[in-house]
Amino acid sequence: EPSSLSGLPAGVGEALEAEGVAELYPPQEAAVEAGVTDGESLVAAVPTASGKTLIAELAMLSSIERGGKALYIVPLRALASEKKAEFERWEEFDVTVGVSTGNYDSDGEWLASRDIIVATSEKVDSLIRNGAPWIDDLTCVVSDEVHLVDDSHRGPTLEVTLAKLRKVNPGLQTVALSATVGNADVIADWLDAELVESDWRPIELHTGVHFGNAINFDDGSQREVPVERGEDQTARLVADALDTEEDGQGGSSLVFVNSRRNAESSARKLTDVTGPRLTGDERDRLRELAEEIRGVSDTDTSEDLADAVEEGSAFHHAGLASEHRSLVEDAFRDRLIKCVSATPTLAAGVNTPARRVIVRDWRRYDGEFGGMKPLDVLEVHQMCGRAGRPGLDPYGEAVLLANNADTREELFERYVWAEAEPVRSKLAAEPALRTHVLATVASGFAATRDGLLSFLDNTLYATQTDDEGRLAAVTDTVLDYLEVNGFVERDRDGGSEGLAATGIGHTVSRLYLDPMSAAEILDGLRTVADDGSGPVGSADADGEFVAADDPTADADDPGFTTYTRAGEDEPDDPASEGPASAGDAAPAVTPLGLYHLVSRTPDTYELYLKSGDREEYTEVCYEREAELLGDTPSEYEDVRFEDWLAALKTGRLLEDWANEVDEDRIAERYGVGPGDIRGKVDTAEWLLRAAETLARDVEGIDGDTVVQVREARKRLEYGVREELLDLAGVRNVGRKRARRLYEAGIESRADLREADKAVVLGALRGRERTAERILENAGREDPSLDGVDPDSSASAAAT
Ligand code: ADP
């Protein structure tokens, strides 16, 4: 039992011992000595896989034992559930765990009863903005991967969130876990924390560069890995690891490449190495796994992944569905998959060690930079840190690839010998401060300009900067912006300038919108407000919209003007009372108009325009200009016009999704993965939900417009045309099944309750269990399909 442990719930030591923690690792020991179990704040800057999580657990458990409550901040949503599952093993000590994901705009009241709460920094920021009452009760906060404060998109949120938490709870214990970075001492300074810094690893790591016939390692040793003429360097190294048995097993490899496409093609190529080395038993298990992967979704990506996995090789990138990702990670940890080709996203967080890490690409295309750019030292070090599985491998090997002697020297200088870059705050930038200044004022952290500046003094930026005036200057620019857009009011009389959020400013802060997104959405909605100036084109004579690119549009399609809201449970909103009737004036807004509007806000990552896109979308733009909310910029305003078209491309992707276009078609048409489609759809749904709330603050907006915003959002949620909204809302139905049911004459939830079971079963391709579940979810009294024969109905067989 780790001897130095005190202040923890009784039995924790034994429990740790039972899971293989015979003694604390040296950095953990140092953390305990620094007082992490006595409520001391701490920055732990140690390499990947050297037990940072346990340091955090010791802090949280001891804090809870003293009657407190802990918050664990993760950098990625995908990690939240992984961490929660990890912490749930403490439930036998009466420690409860909750994870807060999902929508940003709620106060997560139920979390008040949990001892440990896991959430992303964005979620925590939002919980603070929405006044979650339990925030005041926190005694311990852990920030995982705190070096990400350096990230220009997400870092400022983490920085401001930690500053707010510490301001609300002056005695708060702050535990920050970091990779080994160049300036961990500055982070410790900022957080008034003790510093534990170490290069210690539980398993030896040899880093080297392969060129020609050998790997040269940092300790001066060499390993012969000859590459034949025409042979692939990566394949040779993967084969070499697999053919070198330790403990009766060959070693797995993790190959890092610079793009999703490269990850996929690398995985395909490496099946030639992994396939022939599989045992019969492994082949059987991999075949089962491949079936499971195909079952997740019927897309090309799913198919490609399954094909590779059958041969023991896999790819991993952010475009994969999350079920795919975890299947791959688990099978790799189980040593069933022998090699994973991954983009650098895998290096951060997810625990997937391999005997050998191969950093194939050390440069990556950078859109802003406009060319190939070397990866950061920190990033490469984190990839390398994935090498070596404690208890399984005698050592880990990280290998960079060079194709000439000069590059070999460069790689040694640039990465092997180099120290990771220092972390630098990115807070003093307008986009970051725009949102955080508004939220800081709206949530009552500052009521004057001086108060605001002194709050910002608690950030890493303030700790680091030599340029005292810069933060104040950017803050003033941002205050001007917020004032002009009606989000804050300033009172310039008296000593220090007074600041207050307006009603809409409060709404924007709680909705978690970038104020610039809110301004854009409000402007767009104002163009359709009832002052006679809105776009009202592109409705046909019957007041009905027909998508221009829609070959299947049916002349009898009633469109959303007669869609009935049966089965929806949003009754207490006046705007939803009754369907808009067919006799109304032509609707002023179309889904595309709304999708384009939300796609041009800074909260959406627009799709890039590729070659040829400019021409294509310029054409689309003029064809459908009447639907777009706001004035199309002139073609001579290069940047604005380009942005407008990129948003149009994104808007069209969303429109395709809502028009039931196949995922594969969409992926191909826009050059994205299925995970990206999901991401764009989720973001747009969230923004449209916000737009609906904002619409209430726009003078002259009528109920119909609000209904249309909601329908455009619901169509995204289910990925269907309006006539399927009711059906697709039944659990387990989904967009494809809804369409098949509809074609078989079952058009609504009510129809499902009445329909001939054989027709239902036929439309669901004879899948009995699915059909029963769907009937049950639709509220059918007797969902059983015993004795029902799908072929007995002629119309069912047709689908
Ligand atoms: P990090 O968060 O630093 O990347 P982890 O906390 O994930 O690393 O630890 C890596 C692995 O080491 C985990 O599987 C963990 O259970 C194990 N581990 C941590 N501390 C010890 C210890 N003192 N003794 C044995 N194994 C440990």
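Quick caveat, the model's predicted, so the values are computed rather than measured.

What counts as what
- Residues numbered from 1 in each chain as written.
- Predicted model: local features only at pLDDT ≥ 70, side-chain atom pairs only at ≥ 80, totals over all residues.
- Heavy atoms only, no water.
- Helix = DSSP H or I, 4+ residues; strand = E, 2+ residues; numbered from the N terminus.
- Buried < 20%, exposed > 50% of the residue type's maximum accessible area, 1.4 Å probe, protein only.
- Contact = heavy atoms within 4.5 Å.
- Areas by Shrake-Rupley, 256 points an atom, 1.4 Å probe, with all protein chains shown as cover.
- Pairing = 2+ DSSP bridges.
- Axes fitted to C-alpha atoms, helices over the stretch in contact; angles between N-to-C directions.
- Parallel < 35°, antiparallel > 145°, perpendicular 65-115°, else oblique.
- Left-handed = near helix turned anticlockwise from the far one by under 90°.
- Nonpolar A, V, L, I, M, F, W, Y, C, P; charged D, E, K, R; others polar.
- Near = heavy atom within 4 Å.
- Polar contact = N/O pair within 3.5 Å; in protein donor to acceptor, adjacent residues only side chain to side chain.
- Core = buried A, V, L, I, M, F, W, Y, C linked by side-chain atoms within 4.5 Å.
- 1 Å grid on protein atoms, 1.4 Å probe; cavity = no way out; pocket = protein on both sides within 12 Å on 5 of 7 lines; lining within 4 Å.
- Points joined across faces, edges and corners; volume = space filled by probe spheres on them.

Enquirer: Can you walk me through the overall build of the protein in this structure?
Expert: The helix and strand tally for the protein stands at 32 helices and 19 strands. Across the 799 residues of the protein, 56% fall into the buried class. If you take every contact in the protein between residues at least 6 apart in sequence, the share linking residues at least 24 apart comes to 70%. If you sum the accessible surface of the protein, you get close to 33700 Å²; carbon and sulfur atoms cover 44% of it.

Enquirer: For this particular structure, what's the right way to read the sheet that holds strand 14 (residues 356–359)?
Expert: In a beta sheet, neighbouring strands pair by backbone hydrogen bonds and run either parallel or antiparallel. Pairing is mixed across the open sheet formed by eight strands, whose spatial order is 10-9-8-17-14-11-13-12. Both outer strands of the open sheet, strand 10 (222–224) and strand 12 (313–316), are each paired with one neighbouring strand and no more. Neighbouring strand axes in the sheet, compared pairwise and without regard to direction, differ in orientation by 20° on average. As judged from the four bridges shared by strand 11 (residues 253–256) and strand 13 (residues 339–342), these two strands associate in the parallel manner. By the bridge assignment for strand 13, Ser253 is matched with Cys339. Against the sheet, helix 8 (residues 233–243) engages strand 8 (205–211), strand 9 (214–217), strand 10, strand 11, strand 13, strand 14 and strand 17 (396–401), with an angle of about 175° to strand 14.

Enquirer: What's the story with the packing of helix 3 (residues 52–65) against helix 4 (residues 77–87) in this structure? I'm lost.
Expert: Each packed pair of helices is defined by two parameters, the angle between the axes and the distance between the axes. Between helix 3 and helix 4, whose axes approach to 12 Å, the crossing angle comes to 60°. Overall, the two elements helix 3 and helix 4 adopt an arrangement that is oblique. Crossing geometry of helix 3 relative to helix 4 is assigned as right-handed. Contact residues: Thr53, Glu57 and Met60 in helix 3; Lys83, Glu86 and Phe87 in helix 4. Residue classes in the contact of helix 3 with helix 4 are distributed as two nonpolar, one polar and three charged.

Enquirer: Explanation requested: the environment of Leu724 in the structure shown.
Expert: Topologically, Leu724 is positioned in the loop between helix 26 (703–718) and helix 27 (725–728). Along the primary structure Leu724 and Leu741 are separated by 17 residues, whereas in three dimensions their C-alpha atoms are 9.5 Å apart. Beyond its immediate stretch of four places on either side in the chain, Leu724 contacts Glu660, Arg735, Ala738, Arg739 and Tyr742.

Enquirer: Looking at this model, I keep getting lost on the site of the ligand. Mind explaining?
Expert: The ligand sits among 14 residues. The nearest are Glu23, Gln28, Ala49, Lys52 and Thr53. Residue Gly51 places a main-chain N or O atom 3.3 Å away from an oxygen atom belonging to the ligand. Coverage of the ligand by the protein chains reaches 72% of its 560 Å² of free accessible surface. Per-element tally for the shell around the ligand: the top contributor is helix 3, with three residues. Class assignment for the residues of the shell around the ligand results in six nonpolar, six polar and two charged.

Enquirer: For this particular structure, what's the right way to read the pairing of strand 17?
Expert: In regular strands, side chains alternate between the two faces of the sheet. The buried fraction of strand 17 amounts to six of the six residues, a majority that puts the element mostly inside the structure. Residues Gly396, Ala398 and Leu400 line one face of strand 17 and the alternating positions Glu397, Val399 and Leu401 line the opposite face, and both faces are buried. Examined bridge by bridge, strand 8 and strand 17 share six bridges and lie parallel to one another. Bridge pairing links His206 to Glu397 in strand 17. Across four bridges, strand 14 lies against strand 17 in parallel orientation. Across the sheet, Val359 pairs through a bridge with Leu400, a residue of strand 17.

Enquirer: Is there a simple way to think about the pairing of strand 14 in this case?
Expert: Judged by which residues are buried, strand 14 turns out to be covered on both faces: Arg356 and Ile358 on one side and Val357 and Val359 on the other are all buried. Taken together, the four bridges between strand 11 and strand 14 define a ladder with parallel strand orientation. Residue pairing in the sheet places Leu254 in a bridge with Val357 of strand 14.

Enquirer: Can you walk me through the environment of Ala78 in this structure?
Expert: With respect to the element layout, Ala78 can be found in helix 4. Taking the C-alpha atoms as reference points, Ala78 and Ser322, 244 residues apart in sequence, are found 7.8 Å from one another.

Enquirer: Looking at this structure, how should I read the nonpolar core?
Expert: The tendency in soluble globular proteins is for nonpolar side chains to be buried as a group. Core analysis: the biggest nonpolar cluster contains 110 residues, and Leu165, Phe487, Leu513, Leu694 and Leu716 have the highest contact counts within it. Element by element, the count of residues in this core is highest for helix 25 (residues 674–695), at ten residues. For Leu716, the contacting residues outside a window of four places in its chain are Tyr595, Leu654, Trp657, Ala658, Val681, Ala684, Glu685 and Leu688. Formed by 58 residues, the second largest nonpolar core is a distinct cluster that contains Ile215, Ala235, Phe332 and Cys339.

Enquirer: Is there a simple way to think about the side chain of Arg335 in this case?
Expert: The topology assignment puts Arg335 in the loop between helix 12 (322–333) and strand 13. If near-sequence neighbours (up to four positions away) are discounted, Arg335 is found in contact with Gln249, Glu282, Arg389 and Leu392.

Enquirer: Explanation requested: empty space enclosed by the protein in the structure shown.
Expert: Over the atoms, a rolled probe matching the size of one water molecule traces out where space is still vacant. Scanning all chains against the criterion turns up one cavity of 30 Å³ or more. By volume, the largest cavity amounts to about 40 Å³. Around the largest cavity sit Arg223, Ala241, Thr244, Arg355, Arg356, Tyr395 and Glu397, which together line it. Tallied by class, residues from the lining of the largest cavity come to two nonpolar, one polar and four charged.

Interpretation in functional terms is not warranted from these geometric data alone.
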